[in-house]
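Fold and geometry: a report
Read off the chains here:
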Amino acid sequence: MPTESFDPTADLPFERRVAQPDMAALYLYWRRLARAGAPAFRDFDPIAMPRLLPDLQITRRDADGRHRIGLTGGRVAALAGRDSTGLYLDERIPPALYPSRAALYDEALDAARPIAYRSYLILDGREHHFHKRLLLPFVDAGPGPDLILAMALTASVPAEGAAAAAADGIVEILRGNPVGWTAAGGPSGGLARNAPIQ
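This write-up is about the structure you can find in this document. The structure displayed is predicted, hence computed values, not measured ones.

Scanning the chain from terminus to terminus reveals six helices and six strands. Taking all 198 residues of the chain together, 50% fall into the buried category. Summarising the internal contacts of the chain: among those between residues at least 6 apart in sequence, 55% fall at separations of at least 24.

All right, on to unusual backbone geometry then. Phi angles above zero are rare outside glycine, and Ala 19 is one such case at about 60°. By the secondary structure assignment, Ala 19 is in the loop between helix H1 (14-18) and helix H2 (21-33). You can call Ala 19 exposed: its relative accessible area is 61%. The backbone of Ala 112 sits at a positive phi, close to 50°, despite the residue not being glycine. Along the chain, Ala 112 turns up in the loop between helix H5 (98-111) and strand E3 (115-123).

Attention shifts here to the pairing of strand E2 (residues 67-72). As paired elements, strand E1 (residues 56-61) and E2 share four bridges and run antiparallel to each other. Within E2, the residue paired with Arg 61 across the bridge is His 67. Two successive antiparallel strands, E1 and E2, enclose a turn made up of five residues, where Gly 65 displays a positive phi of approximately 90°.

On to the packing of aromatic side chains, then. Enumeration according to the criterion identifies six aromatic pairs in this entry. Seen in terms of ring centroids, Tyr 29 and Phe 44 are 5.8 Å apart; in terms of plane orientation they differ by 70°. Their pairing is edge-to-face. One end of the pair, Tyr 29, is in helix H2; the other, Phe 44, is in the loop between H2 and E1, with 15 residues separating them in the sequence. With relative accessibility at 13%, the residue Phe 44 sits in the buried group. Look at Phe 41 and Phe 44: their rings are 5.7 Å apart centre to centre, the planes differ by 15°, and that puts the pair in the stacked class. Assigned by exposure class, Phe 41 and Phe 44 land together as buried. Among the aromatic residues, those joined into a ring-pair cluster are Tyr 29, Phe 41, Phe 44 and Phe 138.

Turning to the nonpolar core, a few remarks are in order. Residues Leu 26, Phe 44, Leu 134, Phe 138 and Met 151 are the most contacted members of the largest nonpolar core, which totals 28 residues. Going through the elements one at a time, H1, H2, E1, strand E4 (126-138) and strand E5 (147-155) are the ones with two or more residues in this core. Ranked by residue count, the leading element in this core is H2, at six residues. If we ignore the near neighbours within four places in the chain, the residues touching Met 151 are Asp 22, Met 23, Leu 26, Leu 52, Asp 55, Leu 56, Lys 132, Arg 133 and Leu 134.

Before going further, it helps to spend a moment on the pattern of salt bridges. Working definition: two side chains of opposite charge can pair if their charged atoms are close together. Within this structure, the stated rule accounts for eleven salt bridges. Across the pair Arg 61 and Asp 106 runs a salt bridge whose closest N-O atoms are separated by 3.1 Å. Separated by 45 residues along the polypeptide, Arg 61 in strand E1 and Asp 106 in helix H5 bring together distant segments of the chain. You can call Arg 61 partly exposed: its relative accessible area is 23%. On the basis of relative accessibility, which here comes to 24%, the residue Asp 106 falls in the partly exposed class.

Look at H2: 19 Å from first C-alpha to last across 13 residues, which is about the 18 Å you get at 1.5 Å a residue. Along H2, the residues that are buried comprise Asp 22, Met 23, Ala 24, Leu 26, Tyr 27, Tyr 29, Trp 30 and Leu 33. Between the side-chain oxygen of the N-cap and the backbone nitrogen of Asp 22 there are 2.8 Å, and the N-cap of H2 in question is Gln 20.

This paragraph deals with the environment of Pro 94. Within the fold, Pro 94 resides in the loop between helix H4 (89-92) and H5. Distance from Pro 94 to Asp 168, taken between C-alpha atoms, is 9.8 Å for residues 74 residues apart in sequence.

Turning our eyes to something else, we now look at the side chain of Thr 59. Structurally, Thr 59 can be placed in strand E1. Beyond its immediate sequence surroundings of up to four residues, Thr 59 is in contact with Arg 68, Ile 69, Gly 70, Leu 89, Tyr 105, Asp 146, Leu 147 and Ile 148.

Rules and cut-offs
Residues numbered from 1 in each chain as written. Predicted model: local features only at pLDDT ≥ 70, side-chain atom pairs only at ≥ 80, totals over all residues. Heavy atoms only, no water. Helix = DSSP H or I, 4+ residues; strand = E, 2+ residues; numbered from the N terminus. Buried < 20%, exposed > 50% of the residue type's maximum accessible area, 1.4 Å probe, protein only. Contact = heavy atoms within 4.5 Å. Pairing = 2+ DSSP bridges. Phe/Tyr/Trp six-rings, centres within 6.5 Å; stacked < 30°, edge-to-face > 60°. Core = buried A, V, L, I, M, F, W, Y, C linked by side-chain atoms within 4.5 Å. Salt bridge = Lys/Arg side-chain N within 4 Å of Asp/Glu carboxyl O. Expected span 1.5 Å × (residues − 1). Polar contact = N/O pair within 3.5 Å; in protein donor to acceptor, adjacent residues only side chain to side chain.

The values reported here are purely geometric and, on their own, carry no functional implication.
Shown next, in the form of structure tokens:
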């Protein structure tokens, strides 16, 4: 009979669970902008963290639900093998992997919550070992969140690490609490601590 796994980090704040200093710094900056809900993208100041810009990518969810890639940092473009600006995520992510990635983008926007995930990724036939991505929802044109500011990093992984990935390549998903809500599900003046890994 399967046993429930124990996550010793479940009670840590989201930025500690992300466990990558640059991602934690970007998350904390986003959280400072998120007063009672997802922050307005116009409030994001790229000059605040210039050294992170090569690792950032913007995507906007169109009215048809597709995610269009906007500005893309140099290291993210190098990871993909080209600049994907103007393309849709479903044009860049392999079909077998796209549904799970799109679901994470949609969840981040629909719930106004930060999400980080690690995956084993292959793009255009080139292996990229562990890929870690932080998704931060913003309000741009719509009344609700419609833009994701993502940070993407890669790292090598031992062969057994790739074997631990699910069929869609995802190894781990971290979900933060939606902005403006507490873990108990009630309104809050700011962000509460993150929810357990799901």
